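# Overview (structure and organization)
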Amino acid sequence: MNSARRQATRQRLYEAAVTLIAEKGFSSTTVDEIAERAGVAKGTVYYNFASKNDLFEELLRHGVGLLTQSLREASENVIAQGGSRVDALDAMIRAGLVFIGRSPSFTQLYVAELWRTNRAWQSTLMMVRQEAIAVVEKVLREAVDRGELSDEIDVPLTASALFGMVLVAALDWQAFQPDRDIDDVHAALSRLLQGRVGGG
């Protein structure tokens, strides 16, 4: 199977797995159901992934990798256009909201899995979470170094707090306030960033 076709197959398997697991939970979802939902033979699942656990671990790695990439690109674009690091953080908030708006089932799954400690993929989950938070941390550190933010802020904790704020606020928006538009939600989170972190 060529790599583009294999990637497309894996993407279908990820999408099938994430929707099924969001509906039924990990334990209740079978490989047969994932294959059926993806429109492939069961053997195709095992050709691409050693097990259901392996599929789920790769799904987490893939999804958080896409989120991390979108956060990084958002901040780099703002900085390339001469924006401040606080503007870059604000762009990351919006990028996070856009990602979560497009992938609510994945985000719900990711947030739920963060609090489970008995999973085979726990170390992978912690690693990809740290990679995502490191992107935010880098921009926060640069903002402190440039005098845009107080040097009294706890950069690692603030990075985790911003990341968590976006995840939880976006899930709340999707589940309980879906009629609000993204600009409205972004403006509310932006005010929090400017007021709390920016000290404005």
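Residues numbered from 1 in each chain as written. Predicted model: local features only at pLDDT ≥ 70, side-chain atom pairs only at ≥ 80, totals over all residues. Heavy atoms only, no water.

Per an unreviewed UniProt entry, the recorded name for the chain is TetR/AcrR family transcriptional regulator, and the organism is Streptantibioticus rubrisoli.

### Let's talk about the layout of surface pockets
Any space left empty among the atoms is revealed by the rolling of a water-sized probe across them. Worth spelling out the cut-off: Lining residues are defined by having an atom within 4 Å of a point belonging to a cavity or pocket. Those points lie on a 1 Å grid over the protein atoms alone, cavities being sets where a 1.4 Å probe fits but cannot get out and pockets being open sets with protein on both sides within 12 Å along at least five of seven lines. Grid points are joined across faces, edges and corners, and a volume is the space filled by probe spheres set on the points. Helix and strand labels come from DSSP, where a helix needs a run of H or I of at least four residues and a strand needs a run of E of at least two; each type is numbered from the N terminus. Amino acid classes used here: Ala, Val, Leu, Ile, Met, Phe, Trp, Tyr, Cys and Pro are nonpolar; Asp, Glu, Lys and Arg are charged; the rest, including Gly, are polar.
The volume enclosed by the largest pocket comes to roughly 230 Å³. Looking at the lining of the largest pocket, the elements that each hand over two or more residues are helix H1 (3-24), helix H4 (52-80), helix H5 (85-102) and helix H6 (104-114). Among the residues making up the lining of the largest pocket, the classes are represented as seven nonpolar, five polar and two charged. When its volume is computed, the second largest pocket comes out at roughly 160 Å³. In this structure, the second largest pocket is lined by Val-111, Leu-114, Trp-115, Arg-129, Ile-133, Ser-160, Phe-163, Gly-164, Leu-167 and Val-168. When residues in the lining of the second largest pocket are grouped by element, the largest group, five residues, is from helix H8 (residues 155-176).

### What about H1?
Heads up, the rule is: Here the expected length of a helix is defined as 1.5 Å per residue gap, with one fewer gap than residues. Under the scheme applied here, a residue whose accessible area is under 20% of the maximum for its type counts as buried, over 50% as exposed, and between as partly exposed, the area being computed with a 1.4 Å probe on protein chains only. Every residue pair with non-hydrogen atoms within 4.5 Å of one another is taken to be in contact.
Here H1 spans 31 Å end to end across 22 residues, near enough to the 32 Å set by a 1.5 Å rise per residue. All buried positions along H1 are accounted for by Thr-9, Arg-10, Leu-13, Tyr-14, Ala-16, Ala-17, Val-18, Leu-20 and Ile-21. At its buried positions, H1 is contacted by helix H2 (31-38), helix H3 (42-48), H4 and H6. Looking one or two residues beyond H1, the residue adopting positive phi is Gly-25, at roughly 90°.

### Looking at the packing of aromatic side chains
The following threshold applies: For Phe, Tyr and Trp, where Trp contributes only its six-membered ring, two rings pair if their centres lie within 6.5 Å, and the inter-plane angle classes them as stacked under 30 degrees, edge-to-face over 60, or tilted in between. Remark: a charge is flagged as sitting over a ring if the NZ atom of Lys or the CZ atom of Arg is within 6 Å of the ring centre and within 35 degrees of the ring normal.
Under the criterion given, the structure shown has four aromatic pairs. When the centroid spacing of 5.8 Å and the interplanar angle of 50° are considered together, the rings of Tyr-14 and Phe-49 count as tilted. Placement of Tyr-14 in helix H1 and of Phe-49 in the loop between H3 and H4 is noted, with a sequence separation of 35 residues between them. Taking 5.2 Å as the distance between ring centres and 50° as the angle between the ring planes, the aromatic pair formed by Phe-26 and Phe-56 counts as tilted. Taken together, the residues Phe-26 in the loop between H1 and H2 and Phe-56 in helix H4 connect sequence positions 30 residues apart. For the pair Phe-26 and Phe-56, a shared accessibility class is recorded, and that class is buried. Through successive ring pairs, a cluster of aromatic residues spans Phe-99, Phe-106 and Tyr-110. When the ring centre of Phe-26 is taken as reference, the NZ or CZ atom of Lys-52 above it lies at 4.3 Å.

### Topic: the UniProt feature "DNA-binding region" (unreviewed entry) in the chain
We apply this condition: UniProt positions are given in the numbering used here, feature names are shortened, and annotations may be inferred rather than shown by experiment.
Per the UniProt entry, the sites bearing "DNA-binding region" (unreviewed entry) are residues 30-49 in this numbering. Split by type, residues 30-49 is 75% helix and 0% strand. Its first and last C-alpha atoms lie 14 Å apart.

### Notes on the environment of Thr-158
Mapped onto the fold, Thr-158 is located in helix H8. Along the primary structure Thr-158 and Leu-140 are separated by 18 residues, whereas in three dimensions their C-alpha atoms are 8.2 Å apart.

### Focus: the side chain of Asn-48
To keep it simple, the criterion reads: Pairs of N or O atoms are called polar contacts if they sit within 3.5 Å, as long as, within protein, a hydrogen donor faces a hydrogen acceptor (for residues adjacent in sequence, only side-chain-to-side-chain pairs).
Residue placement: Asn-48 occurs in helix H3. A distance of 3.0 Å separates the side chain of Asn-48 from the side chain of Arg-6, its partner in a polar contact. With near-sequence residues (within four places) excluded, Asn-48 lies in contact with Arg-6, Thr-9, Arg-10 and Leu-13.

### Notes on empty space enclosed by the protein
Enumeration over the complete set of coordinates arrives at one cavity of 30 Å³ or more. In this structure, the largest cavity occupies an estimated 120 Å³ of space. Together, Leu-67, Leu-71, Leu-89, Met-92, Ile-93, Gly-96, Val-136, Leu-162, Phe-163, Val-166 and Leu-167 line the largest cavity. When contributions to the lining of the largest cavity are tallied by element, the ones reaching two or more residues are H4, H5 and H8. Of the residues that constitute the lining of the largest cavity, the class distribution is ten nonpolar, one polar and no charged.

### Let's talk about the nonpolar core
Rule in force here: As used in this record, nonpolar core signifies buried Ala, Val, Leu, Ile, Met, Phe, Trp, Tyr and Cys residues forming a set joined through side-chain atoms within 4.5 Å.
Ranked by size, the top nonpolar core spans 64 residues in total, and within it Leu-89 and Tyr-110 carry the most contacts. Mapped onto this core, the elements with two or more residues apiece are H1, H2, H4, H5, H6, helix H7 (122-145), H8 and helix H9 (182-197). Among residues more than four places away in sequence, those in contact with Leu-89 are Val-136, Val-139, Leu-140, Leu-149, Leu-162 and Leu-193.

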